[in-house]
Amino acid sequence: MLRKFITTKNRISINKYVVTFALCLFFNLGNLYAQERTPFYTKKSKKVVEPLLEKMTLDEKLAQIEGIRPMEIMENDNFSLEKAKEVIPHGIGHFCQFSSSLTMNPEALRDFVRDVQNYLLTQSSSKIPAIFHEEAITGFATQGATTFPQQIGMGCTWNPELITKNAASTTKNMRAAGATFALSPMLDISRTAHWNRIEESYGEDAYLTSRLGLAFVNGLQGNDFSTGVAATTKHFAGYGAQNNNSKELYEEYIMPHEVVIKLGNVKSVMPSYGKFNDVPVVASEQMLNTILREQLGFDGLVVSDYGAINLTYKGHKYAKSPQEAAVMALKAGTDIELSTPTCYPLLKEALKDGTVKMETINEAVRRSLTMKYHLGLLEKNPKIGVDGALDFDPLENRKLAYQSAVQSIVLLKNDGILPLKKEINKIALVGPNAATVHGLLGDYTYQSMTAFWWGKQFDANNPKLISLKEGLEAKIGKNVSIQHERGCDWSAPLESVVKPGLGDDRLSKVKMLAIEGLPQPNLQNALKIANESDIIIAAMGENIYLCGEGRERKGINLPGEQEAFVQQLIATGKPVILVLFGGRQQLVTELQGCAAIVQAWFPGEEGGNAIANILVGNENPSGKLCVTYPTNESKEEINYKKGYSTENQPQYPFGYGLSYTKYAYSKLKMKSSTKITDSYFKISFNIKNTGDRTGTEIVQMYVSPKDKNSTLLPIQLKGFKRVELKKGEEKKVTFKISPEQFAQYLNNEWVINPENLEILIGASSTDIRLKGDFEMNGKKQILENGRSVFFSKIK
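Draft legend 1. Quick look at the overall build of the protein. Helices and strands together make up the secondary structure of the protein, namely 23 helices and 31 strands. Computed over the C-alpha atoms, the radius of gyration of the protein is 26 Å, within 12% of the 28 Å expected from 2.2 N^0.38 for a compact globule of 795 residues. The principal-axis extent of the C-alpha atoms belonging to the protein is close to 75 × 70 × 55 Å. Counting only residues that meet the buried cut, the protein has 63% of its 795 residues in that class. Looking at the protein alone, contacts between residues at least 24 apart form 80% of all its contacts between residues at least 6 apart. Counting 93 positive and 86 negative side-chain charges, the protein places the centres of these two groups 6 Å from one another.

Draft legend 2. Inspection of the sheet that holds strand β29 (residues 768-777) at higher detail. An order of β21-β29-β28-β23-β24 is seen for the 5 strands of this open sheet, with the pairing classed as mixed. Each end of this open sheet is capped by a strand with a single partner; those strands are β21 (673-675) and β24 (716-725). Between one strand axis and the next, the sheet turns by 25° as a mean value, whatever way the strands run. Note that strand β23 (residues 695-705) and β24 share 9 bridges and pair antiparallel. Along β24, the bridge assignment pairs Q700 with F720.

Draft legend 3. The nonpolar core, seen in detail. Ranked by size, the top nonpolar core spans 196 residues in total, and within it F95, F236, L347, L569 and L578 carry the most contacts. Take this core: its biggest share by element is 9 residues, from helix α9 (residues 206-221). Once residues lying within four places of it in the same chain are set aside, the contact partners of L569 are V430, L527, A530, I536, A538, M540, K574 and V576. Listed in part, the 47 residues of the second largest apolar core include L420, L441, I476 and L513.

Draft legend 4. Representation of the pattern of salt bridges within the structure. Scanning the model with the defined rule gives 34 salt bridges in all. Residues D111 and R110 are paired through a salt bridge, measuring 3.1 Å at the closest nitrogen-oxygen approach. For K706, the salt bridge is made with D773, and the minimal N-O distance between the two is 2.7 Å. On the criterion of sequence distance, the pair formed by K706 in the loop between β23 and β24 and D773 in strand β29 is long-range, its members being 67 residues apart. Among the residues examined, D773 registers a relative accessible area of 40% and is labelled partly exposed. The structure contains a network of salt bridges with shared partners spanning E50, R293, D335, E363, R366 and R367.

Draft legend 5. Just the packing of helix α10 (residues 246-253) against helix α11 (residues 255-262), in detail. Between α10 and α11, whose axes approach to 5 Å, the crossing angle comes to 45°. The pairing of α10 with α11 is recorded here as oblique in orientation. When α10 is examined against α11, the residues Y250, E251, E252 and Y253 are found in contact with a partner set consisting of M255, P256 and H257.

Draft legend 6. Up close: helix α17 (residues 395-408). Compared with the 20 Å implied by 1.5 Å per residue over 14 residues, the 20 Å span of α17 between its first and last C-alpha is a close match. For α17, the tally of buried residues reaches 10 of 14 residues, placing the bulk of the element in the interior. Listed as buried for α17 are N397, R398, L400, A401, Y402, S404, A405, V406, Q407 and S408. The secondary structure elements touched by the buried residues of α17 are α7 (151-155), α8 (160-177), β12 (410-414), β19 (596-601), α23 (607-616) and β24.

Draft legend 7. Representation of the environment of T661 in the model. Along the chain, T661 turns up in the loop between α23 and β20 (663-670). A distance of 3.3 Å separates the side chain of T661 from the backbone nitrogen of G691, its partner in a polar contact.

Draft legend 8. Broad picture of unusual backbone geometry. Geometrically, the link from S184 to P185 is a cis peptide bond, its omega value of 10° lying close to zero. The topology assignment puts P185 in the loop between β6 (181-182) and α9. Positive phi values are uncommon outside glycine, yet Y444 reaches one of about 70°. Checked against the element boundaries, Y444 lands in the loop between β13 (426-430) and α18 (446-452).

Calculation criteria
- Numbers given to residues run from 1 along each chain, matching the order in which its sequence is written.
- For this predicted model, a pLDDT threshold of at least 70 governs which residues receive local features, and a threshold of 80 or more governs which side-chain atom pairs are given and counted, while totals over whole chains, interfaces and linings are taken from all residues.
- Excluding hydrogens and water, the side-chain figures rest on all heavy atoms present in the structure.
- Numbering of helices and strands runs from the N terminus, with a helix taken as a DSSP run of H or I at least four residues long and a strand as a DSSP run of E at least two residues long.
- Both definitions apply: the radius of gyration is a C-alpha atom measure, and the globule rule equals 2.2 Å times residues to the power 0.38.
- Note on classification: 1.4 Å probe, protein chains only; a residue is buried when its accessible area is under 20% of the maximum for its type, exposed when over 50%, partly exposed between these limits.
- For this analysis, residues touch if any pair of their heavy atoms sits within 4.5 Å.
- Residues scored as charged are limited to Lys and Arg (positive) and Asp and Glu (negative), so that His and the chain ends carry no count.
- Where a charge lies is defined by one atom per residue type, namely NZ (Lys), CZ (Arg), CG (Asp) and CD (Glu).
- Here the rule is simple: two strands pair whenever DSSP picks up at least two bridges between them.
- An axis is simply a line fitted to the C-alpha atoms; with a helix, the fit covers only the stretch in contact. Between two such axes, the angle follows the N-to-C directions and lies from 0 to 180 degrees.
- Side-chain atoms within 4.5 Å are what join buried Ala, Val, Leu, Ile, Met, Phe, Trp, Tyr and Cys residues into a set we call a nonpolar core.
- Whenever a carboxyl oxygen of Asp or Glu lies within 4 Å of a side-chain nitrogen of Lys or Arg, that contact is scored as a salt bridge.
- Here the angle decides the label: under 35 degrees means roughly parallel, over 145 means roughly antiparallel, 65 to 115 means roughly perpendicular, and every other value means oblique.
- Under the convention used throughout, the expected extent of a helix is 1.5 Å for every residue step, that is, one less than its residue count.
- As used in this structure description, the phrase polar contact means that two N or O atoms lie within 3.5 Å; if the pair is within protein, one of them must be able to donate a hydrogen and the other to accept it, and residues adjacent in sequence are counted only when both atoms belong to side chains.

What follows is the structure, given as structure tokens:
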């Protein structure tokens, strides 16, 4: 049997896989900026793909540009050969979110994938295996796999190296199960906390998002597609924001995608659900052909977001029928329809009536097959999964999850109450997120997806999720008493609403799962133990049903009655430490009476341990905001690059975050001028830890134009570095900036203008410690081939 062949690998093959993976990880960590950009179509790929394409029937071709859910070929939670023969007789391109929709242990999941691939390779008419794809921004979205902090939290780490390690661990897990393709990372620029998907982003800045997105891609893909996992950059482009200003679109919203395509060798792109120039992006020839393929030079695969092609007809009303939607999307360059074959099967009729040509269908199929070739699926004996017992949450992964959670946490306010003093004897631990795990989990974690999309309860012990209460109990001394009471619910009544089209009762089902087994909140008891305590730790904020795709909240204050509850806690006169969980900035304007405010985001499986160690002082907070913290409910986008007006100052600015130690900046050295044609110019300065404990400072370099008539934005991040310093230690930091980093998209071309600029070195976008002026001299330069240098070099 072929399954026996697939599962029985010799020791050399297994060792080769492990060594290759380790080498890929090693080289990725040493090269944070660029992978070798290789062509999608090669002589070798054509030798394999073209003969397949020539002999395929139309039904087989269409099957390769479609995706389905695994449940379509399952019966009683197992693979059904009969259903497979009925549903996918000609094969299939993709299995969509195959693991997050199932509840299987690692070995069962791998064996399911092998059973399906065995059928496809031996009994389908095409004999072509499928791509199994999954979400991966917080790790492999499957039961038992490591759950990392949500991406907005990872944005606050400003740590590309750590993100690369996390993504590489995700690849190891996915490959072990037989998965080869991820619908990650999400590289949208997010500038309003009201957007329900802001949590999936790296924040509001294109430079930071590009650096971190590239690090993610490098870790996920490695140096070899045949052993890595193909990354998909999404959502192209300007999703969740206004994308009609061409200068902002090219310089900001396209930049992260451009970086991972040009420097990260990304070969898969997902268009957004939105529109560009009034045309749905999935059907926009201007966006997908002119901008993506012609201007950016992308030569890979374009996959639709789930249901996006049919949305062109059903939602946007742009197409007159599903068939017309299919034709529009295919002609625009969308190669594969996910996650249900709704529109692309109708291409058969479109071919008959002449609205689409066979050459157009063939090109999409060619790209689908070429991706499978690069992933090693078209080899004579493809390697599907890894033999033996599988552990998707090994100790080394949990260490990464813990480190990630610690570095993602941002200390917003501290009146000196933190770290907790040894004299404390009684702690009141209150709030809906104090002893539960639903505030640890962001959207597109396995747990959130199985709860929200499939209405199933998840196992909080697989992987083990550490609540704040568990973390504190493990870290606080035995002489300290922790008294716990919820005090209030997350939201009462239900605050968020399900986006139309997703089912009216979905949210209520998820809420019931979240509160299952919990006692009724007792406000009076919470206030009683608060009054009797030395300090109060209030764990507030959101959970999996209050933030995420398809979940719309009414505002960005603390949900439900939480703010009123915190006000009552403050009124006790006891110091209140507010710990905020969630996927967005939540207003704390009226809660400045708290002695400390800790932004924990959705911190993942090790969140409880990470927060507890920061509170007691075993860890020194180092996170810096990747978004601006607003002061009011305004839905207007906030972009620090445009400057904060005196009328609308932020609560906390971009790049802000406190530490338990202090840092001094000095000895700025730089030239007063450089030529536009120079490759780089150097800037250096010193950073010293002047406090009494080891810490890590994230030094930030910004640039501002001095000429009021300059078309550059008022302030822009152009470099950053995490610098770990022991007590009293001083280090020199050097940035090398390229004039090309100041390229602008003006009048439909990339230009570098001579400029008078100011270099700003600081601890945030407003906390500037060092300044220096310099001129960029010479004639205006036109970049005929667009940008190629995006980042400063760091030493």
